[in-house]
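Residue-level structural notes
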Amino acid sequence: KSPLFVIEKRSETRHLILLHPGSGLIFDYQKLAGKFTQPLSIYAINNPYFGNPTVYFNSLEEMVMYYTNIIKNQNLKGSFIIGGWSFGGILSLEITKRLERELRIEFVLLLDSTFVDPHIYNDLPSPIHEEEELAFHMGYPDEIKITMRLEGEKTEKMISQWVPPCIETSVILI
């Protein structure tokens, strides 16, 4: 089963692709359906290995290549906005680095994403813990919250050595 979900299909030529935050889930993006006035198709990518203790991505690079191939294999035409919340923003930068010469990417959309020098990353509040806090307040079941915490720990290991890529595409940080 593909980890790419269609949230809303309103255009054949303009696409918003959102990458999951550190938790690996895309629940929050589903609320975007019907919120845009311009024609725009919205897609989101879940972590396909969410909650699997034995199968997971071994590195950020492996995850990025997997998601890049998913996007390419959709054979979508037109322009793209690639973005994500928190860790999803990091993924969107890395995916844009790999796709900006092949696809027309309007801009990268970073939603409350860490975009800092990795040498000072350990001194900042963890975006993963912010997601856990949100899950607590939204009343997710304990099993989901525990799995989100485990996925967050995997994510933090992946980004501990991350260096922001150089890209030509414009970046919008919200």
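These notes cover the structure that comes with them. These numbers were taken from a predicted model, which means no experiment stands behind them.

Analysis parameters
- Residues numbered from 1 in each chain as written.
- Predicted model: local features only at pLDDT ≥ 70, side-chain atom pairs only at ≥ 80, totals over all residues.
- Heavy atoms only, no water.
- Helix = DSSP H or I, 4+ residues; strand = E, 2+ residues; numbered from the N terminus.
- Expected span 1.5 Å × (residues − 1).
- Buried < 20%, exposed > 50% of the residue type's maximum accessible area, 1.4 Å probe, protein only.
- Contact = heavy atoms within 4.5 Å.
- Core = buried A, V, L, I, M, F, W, Y, C linked by side-chain atoms within 4.5 Å.
- Axes fitted to C-alpha atoms, helices over the stretch in contact; angles between N-to-C directions.
- Left-handed = near helix turned anticlockwise from the far one by under 90°.
- Nonpolar A, V, L, I, M, F, W, Y, C, P; charged D, E, K, R; others polar.
- 1 Å grid on protein atoms, 1.4 Å probe; cavity = no way out; pocket = protein on both sides within 12 Å on 5 of 7 lines; lining within 4 Å.
- Points joined across faces, edges and corners; volume = space filled by probe spheres on them.

1. Quick look at helix H2 (residues 87-99)
Helix length check: H2 (13 residues) gives 18 Å between terminal C-alpha atoms against 18 Å at 1.5 Å per residue, within 8%. Counting buried positions along H2 gives 12 out of 13 residues, so the element sits mostly inside the fold. Regarding H2, the residues found buried are Phe87, Gly88, Gly89, Ile90, Leu91, Ser92, Leu93, Glu94, Ile95, Thr96, Arg98 and Leu99.

2. Details of the side chain of Ser92
Position of Ser92 relative to the elements: it lies in helix H2. Since its relative accessible area comes to 0%, Ser92 is described here as buried. Ser92 has contacts with Leu19, Ile82, Gly83, Gly84, Val108, Leu109 and Leu110, leaving out every residue within four places of it along the chain.

3. Quick look at the nonpolar core
If you look at the biggest cluster of nonpolar residues, it comprises 27 residues, and the most contacted ones within it are Ile45, Leu60, Tyr67, Leu91 and Ile95. Taken together, the elements giving at least two residues each to this core come down to strand S2 (14-19), strand S3 (41-45), helix H1 (60-73), strand S4 (79-85), H2, strand S5 (104-111) and helix H4 (142-159). Not counting chain neighbours up to four residues away, the residues in contact with Ile95 comprise Leu19, Val64, Tyr67, Thr68, Ile71 and Ile82. Residues Leu18, Tyr29, Leu40 and Leu109 belong to the second largest nonpolar core, which totals 12 residues.

4. Points about the packing of H1 against H2
Interaxial distance between H1 and H2 falls to 9 Å at its minimum, and their mutual angle equals 65°. Between H1 and H2 lies a crossing whose hand is right-handed. For the pair H1 and H2, the contacting residues are Leu60, Glu61, Met63, Val64, Met65, Tyr67, Thr68, Ile71 and Lys72 in the first and Phe87, Ile90, Leu91, Glu94, Ile95, Arg98 and Leu99 in the second. Here the contact of H1 with H2 is composed, by residue class, of 11 nonpolar, 1 polar and 4 charged.

5. Some remarks on the layout of surface pockets
Within this model, the largest pocket holds a volume of roughly 160 Å³. Lining the largest pocket are Arg14, Leu16, Phe36, Thr37, Gln38, Leu40, Ile81, Phe107, Leu109, Leu111 and Ile174. Where the lining of the largest pocket is concerned, the elements lending two or more residues are S2 and S5. In terms of residue count, S5 provides more of the lining of the largest pocket than any other element does, 3 residues in total. Among the residues making up the lining of the largest pocket, the classes are represented as 8 nonpolar, 2 polar and 1 charged.

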